[in-house]
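Take a look at the letters that make up each chain.
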Amino acid sequence: MITYSTENVKMPAIRKRETTAWIRRVAATYNKKVGEVGYLFCDDEHILQVNREYLGHDYYTDIITFDYCEDDVLNGDLVISLDTVRSNAELFHKPYEEELHRVIIHGILHLCGINDKGPGEREQMEAAENKALSLL
């Protein structure tokens, strides 16, 4: 089950059923099933608080992924700052909706085992994001 909730922001204009079906399709390409995945859309101040409290990081980010996966079942909580998504869309000259979908699937890709911090991993993540966006 995939849930969508908010903290300090309005729910973004996403089609929940279509988005959920898309997330399941992407997970299936990695031979994964979707278990319990919760999205929390929030503002910059809330994600900064989460980043400080749970990760000890003192900076803003677009997404934080908490991974509770078991075997081939994806379980996790994904916290997304809509403020940072909007800023990044402007920075990268992308439509807001596209950047939002990129971040939504970015967290799922992390749950599928794709990382983006080590050498060459960012490029692999970007390729996986682009492939996933093509399935939308």
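This report concerns the structure included in the present document. (Residues numbered from 1 in each chain as written. Predicted model: local features only at pLDDT ≥ 70, side-chain atom pairs only at ≥ 80, totals over all residues. Heavy atoms only, no water.)

Pairing in this open sheet of 4 strands is mixed, and the strands run 1-2-4-3 from one edge to the other. Of all strands in the sheet, those bounded by a partner on one side alone are strand 1 (2–7) and strand 3 (63–67). The mean inter-strand angle of the sheet, taken between neighbouring strand axes irrespective of direction, is 15°. Bridge count for strand 1 against strand 2 (residues 33–42) is 6 bridges, and the pairing is parallel. Residue pairing for strand 2: Ser5 is matched across the bridge by Leu40. Where helix 1 (residues 16–29) meets the sheet, it contacts strand 1, strand 2 and strand 4 (73–81), and its direction lies at approximately 125° from that of strand 1. Against the sheet, helix 3 (residues 82–91) contacts strand 2 and strand 4, and its axis sits at roughly 75° relative to strand 4. (Pairing = 2+ DSSP bridges. Helix = DSSP H or I, 4+ residues; strand = E, 2+ residues; numbered from the N terminus. Axes fitted to C-alpha atoms, helices over the stretch in contact; angles between N-to-C directions. Contact = heavy atoms within 4.5 Å.)

Bringing the packing of aromatic side chains into the picture now. Within this structure, the stated rule accounts for 3 aromatic pairs. Summarising the aromatic geometry, the rings of Tyr4 and Tyr39 are spaced 5.5 Å apart at their centres and angled 10° between planes, so their arrangement reads as stacked. Remark: Tyr39 occurs in strand 2 and Tyr4 occurs in strand 1; sequence separation between them is 35 residues. Both residues of the pair, Tyr4 and Tyr39, count as buried. Ring-pair connections join several aromatic residues into one group, and the members of that group are Tyr4, Tyr39 and Phe41. Positioned above the aromatic ring of Tyr96 is the side chain of Arg86, whose terminal nitrogen or guanidinium carbon lies 4.1 Å from the ring centre. (Phe/Tyr/Trp six-rings, centres within 6.5 Å; stacked < 30°, edge-to-face > 60°. Buried < 20%, exposed > 50% of the residue type's maximum accessible area, 1.4 Å probe, protein only. Lys NZ or Arg CZ within 6 Å of the ring centre and 35° of its normal.)

Functional significance is not addressed by these values, which are geometric in nature.
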